[in-house]
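Report on the structure
Take a look at the letters that make up each chain.
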Amino acid sequence: MKQKLATRLVGATAMLTLLCGAAVAEQWRGWNIHVDGYPNTVAMEKFAELLAEKTGGEITLQMFHGGTLGSQPDAIEQVRLGGLEIGNFNLGPIGPIAAEANVVSLPFIFKDVPHMFRVLEGEGGQKISDGMAAKGLTPLAWYDAGARSFYNGAKPIEAPADVAGMKVRVMNNDLYSGMISELGGNPSPMAFAEVYQSLKTGVVDGAENNWPSYESTGHFEVAGYYSLSQHLIIPECLCINTDVYNALSDDMKAAVKEAAVESAELQHQLWAEREAASREKVEAAGVKTNEIADKTPFQEAMVPVYEAYLAANPDLRPLVELIQATE
Ligand code: GTR
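Keep in mind it's a predicted model, so treat the numbers as computed, not measured.

Reading the values: rules and limits
- Residues numbered from 1 in each chain as written.
- Predicted model: local features only at pLDDT ≥ 70, side-chain atom pairs only at ≥ 80, totals over all residues.
- Heavy atoms only, no water.
- Phe/Tyr/Trp six-rings, centres within 6.5 Å; stacked < 30°, edge-to-face > 60°.
- Helix = DSSP H or I, 4+ residues; strand = E, 2+ residues; numbered from the N terminus.
- Buried < 20%, exposed > 50% of the residue type's maximum accessible area, 1.4 Å probe, protein only.
- Lys NZ or Arg CZ within 6 Å of the ring centre and 35° of its normal.
- Polar contact = N/O pair within 3.5 Å; in protein donor to acceptor, adjacent residues only side chain to side chain.
- Contact = heavy atoms within 4.5 Å.
- Core = buried A, V, L, I, M, F, W, Y, C linked by side-chain atoms within 4.5 Å.
- Domains from an automatic or database assignment.

What follows covers the packing of aromatic side chains. Each aromatic ring pair is specified by the distance between its two centres and by the angle formed by the two planes. Counted under the stated rule, the structure contains 8 aromatic pairs. An angle of 15 degrees between the planes, with centres 6.1 Å apart, marks the rings of Tyr151 and Tyr226 as stacked. Here the residue Tyr151 occupies a position in strand β5 (residues 148–152), and Tyr226 occupies one in strand β9 (residues 225–232), the gap between them amounting to 75 residues. Here Tyr214 and Tyr226 contribute two aromatic rings whose centre-to-centre distance is 4.8 Å and whose plane-to-plane angle is 35 degrees, an arrangement assigned as tilted. Here Tyr226 lies in strand β9 and Tyr214 lies in helix α9 (residues 211–216), a separation of 12 residues in the sequence. Residue classification places Tyr214 among the buried residues on the basis of a relative accessible area of 0%. Every member of this aromatic cluster is reached through a ring pair, and the members are Tyr151, Trp211, Tyr214, Phe220 and Tyr226. Seen from the ring of Tyr245, Lys253 lies directly overhead, with NZ or CZ sitting 5.7 Å from the centre.

Here the focus is the side chain of Asn90. Relative to the elements of secondary structure, Asn90 occurs in strand β3 (residues 86–90). Given the relative accessible area of 5%, Asn90 is considered buried. From its side chain, Asn90 meets the backbone nitrogen of Gly92 in a polar contact 2.7 Å long. In terms of polar contacts, Asn90 uses its side chain to reach the side chain of Glu236, at 3.2 Å. If we skip the residues at most four places from it in the chain, Asn90 touches Gln72, Arg148, Met171, Ile234, Pro235 and Glu236.

Ranked by size, the top nonpolar core spans 57 residues in total, and within it Phe89, Leu91, Ile94, Ile128 and Met132 carry the most contacts. Looking at which domains feed residues into this core, each of domain 1 (27–144 + 235–277) and domain 2 (148–233 + 287–325) supplies at least three. Discounting chain neighbours no more than four positions away, the residues touching Leu91 are Ala101, Val104, Ser105, Ile128, Met132, Trp142, Ile234, Pro235, Glu236 and Cys237. By size, the runner-up hydrophobic cluster in this structure holds 23 residues, among which are Trp28, Ala43, Phe47 and Leu140.

Below is the structure:
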C-alpha cells in the first residue's frame, strides 16, 4: 500500500515537472588530476556544491579526482567530445588543440601571475577563450597555477648551460620541447603520473613545475634541487564542453558561470596558502632552493621558440604583442 502511494507520488511529481516544462535533472562528470586537499580539488568540490545549489538541483556534478579517468590529454579530448562534461585543465596541453591558448605557453610571456590575470580579464583572455570554445572547450573561470621552475637531483640550475645534456620531462606541447632543446637539454614529454618513477629511476634527470605540484607528487623526494627559473606561468581553466554549455538556458548558463567564478575565487585563495606551505614543507625536508639572479640568458635562448610559434601562427602576432604590451 505504502509502496503504491509512493509510486503514485513520484508519478505525480514527474507529471508536474513535465507540465511546468522544467528540465530533467542532469548529472555531469568532471575530471581533475590532483590529489585530495590540493587547492584545485577542494575548489572543484566547491564548484559541484555551488552548481547543485544555484541550479536548484537541476544540474549535479560528480567529480573524479587524482586523474582516475585518464591522463590530461585524454581527458581534454573526452571533454571536447562530450564523454565528460567538465574538467580542470592546465592550458599547456590545450595549446596544441587551440592555437590562441598556446600563447600562454610561450616561456616568459607573463611578467608575473597578476600580469597573467590582467591579460585573462581583458581582450587577450577573450581571444583565448573564444579560440578554446571553438574547439569544444569553453572556459568558465581561470584557476591559478603559479609559476613553474626547474628541479633535478644533481645540481642547482643557474644558467642555460646547466640544462645542457639534461633529460627534462615536459608536458605534451611542442613549445615545451622546443624550450628545453634551445637550452641544450633533451625534452621528454610524458604524463604527469609517470614523472615520479621516471625521476627516481633516472629515465629523466629533471622536470619543471610549481611548488604545490612539486610537493604533492613527492617529486621533491627524488629531485632535491629547485631552481627558481619561473620560465612558465600557465593558467588553468575550469572548462565545460561547449555544446553542453550552449544548450543551457540563459538562467542556467548564469548559474553555472557564477558557481565557476566563486570556485575560482576560493582556488586563488587556497593557492596562495598552498604555495607558501608547499615551499616550507619541501625545504624542511631538505630541498635546496636557488634564486636565479639573472634570467636574461634563459629569456634570450627563447627567441627561436617565439619565432617558430609566430611563423606557424602569423595571425596570432597581435595577441602576443597585446600580452607583451599589457601593463
Ligand atoms: C600541474 C598542473 C596539472 C598538470 C601538471 C603536469 O601543475 O596543475 O594540470 O598539468 O602540472 O605537469 O603535468
